[in-house]
Amino acid sequence: MRRATARRRATTLSVAALASAAVLAYAGIALTHSDASPRAGLRASVSAPAPAPKPKPHAAHAAGSAKSAGTSTLTAAERRSCPRAAAACVDLAAHLTWLQSGGQVTFGPVRMEPGPPGSAHATPRGTFHVAWKAGPGYISNEYNEAMPWATFFATGGIAFHGGSLTKPSHGCVHLTVANAHYYHDHLPIAAEVVVF
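Everything in this summary refers to the structure shown in the same document. Every value quoted in this text rests on a predicted model; they were computed, and no experiment measured them.

A word on the sheet that holds strand β6 (residues 126-129)
Move 1: Taken together, the five strands give an open sheet; going across it, the order is β5-β4-β3-β11-β6, and neighbouring strands pair in mixed fashion. Two strands close off the open sheet at either side, each with one partner strand: β5 (104-111) and β6. Neighbour-to-neighbour, the strand axes of this sheet turn through a mean angle of 20°, independent of strand direction.
Move 2: Pairing of strand β3 (residues 88-91) with strand β11 (residues 192-195) involves three bridges; the strand directions are parallel. For Val-90, the partnering residue across the bridge sits in β11 and is Val-195.

A look at the nonpolar core
Move 1: If you look at the biggest cluster of nonpolar residues, it comprises 24 residues, and the most contacted ones within it are Phe-153, Phe-160, Leu-175, Tyr-183 and Leu-187.
Move 2: Breaking this core down by element, the ones donating at least two residues are β3, β5, β8 (151-154), β9 (158-162), β10 (173-175), α3 (177-186) and β11.
Move 3: Looking at this core element by element, the count peaks at three residues for α3.
Move 4: When neighbours within four sequence positions are excluded, Leu-187 is seen to be in contact with Ala-87, Ala-88, Leu-99, Val-130, Lys-133, Thr-151 and Phe-160.
Move 5: Counting residues in each nonpolar core, the second largest holds nine residues, with Cys-82, Cys-89, Leu-96 and Phe-196 among its members.

Things to note about the packing of aromatic side chains
Move 1: Throughout the structure, instances matching the rule amount to nine aromatic pairs.
Move 2: Centre to centre, the rings of Phe-107 and Tyr-183 are 5.9 Å apart; their planes meet at 75°, and the pair counts as edge-to-face. Here the residue Phe-107 occupies a position in strand β5, and Tyr-183 occupies one in helix α3, the gap between them amounting to 76 residues.
Move 3: Look at Tyr-183 and you get buried, because its relative accessible area is 0%.
Move 4: Judged by centre distance (5.8 Å) and plane angle (55°), the rings of Phe-128 and Phe-153 are tilted. Within this pair, whereas Phe-128 is found in strand β6, its partner Phe-153 is found in strand β8, the two being separated by 25 residues in sequence. The exposure classification of Phe-128 matches that of Phe-153, with both residues buried.
Move 5: Chaining the aromatic ring pairs together yields one cluster made of Phe-107, Phe-128, Phe-153, Phe-160, Tyr-182 and Tyr-183.

Rules used throughout
Residues numbered from 1 in each chain as written. Predicted model: local features only at pLDDT ≥ 70, side-chain atom pairs only at ≥ 80, totals over all residues. Heavy atoms only, no water. Pairing = 2+ DSSP bridges. Helix = DSSP H or I, 4+ residues; strand = E, 2+ residues; numbered from the N terminus. Axes fitted to C-alpha atoms, helices over the stretch in contact; angles between N-to-C directions. Core = buried A, V, L, I, M, F, W, Y, C linked by side-chain atoms within 4.5 Å. Buried < 20%, exposed > 50% of the residue type's maximum accessible area, 1.4 Å probe, protein only. Contact = heavy atoms within 4.5 Å. Phe/Tyr/Trp six-rings, centres within 6.5 Å; stacked < 30°, edge-to-face > 60°.

Below you can see the structure in the form of structure tokens.
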């Protein structure tokens, strides 16, 4: 009777030890036996976890990257249409925008959505300068719509900001929220913006 009870207790301990071992193994903790006794059980020893794979930098943030994920290539005509002095370029016909330094593309080109051409809400063409910036929670006073990461560059509240890439803007340049955030962080006040 005592042997049967001892055997059941040892089996119970073994099952509990195996369950603990499975949980600890899942957590990345190595297990070693402390001795041969079933009552002694298992002892956990923490080993250095395997190094996590390094995340690949988002293409838009890679140093010297001329393209961002999901972007197109600029034609020679598009490159010529934006002067070297411009920090940001907006091609209304191609629905593309990019950042540059000394004529070299540093971000993009990325898709954008302007105001409808020929309408009262057409995005204005010309050379402008970044006037001020708003944070992620900015709301338009005029249209009561969110304008996350707005970077204002033209009179009338015209800005780069997060918005729809399928619905025309009220004159602003809609970007994905991530791209609007990037523009906000990388276009300083007074940076030149050329819209053509």
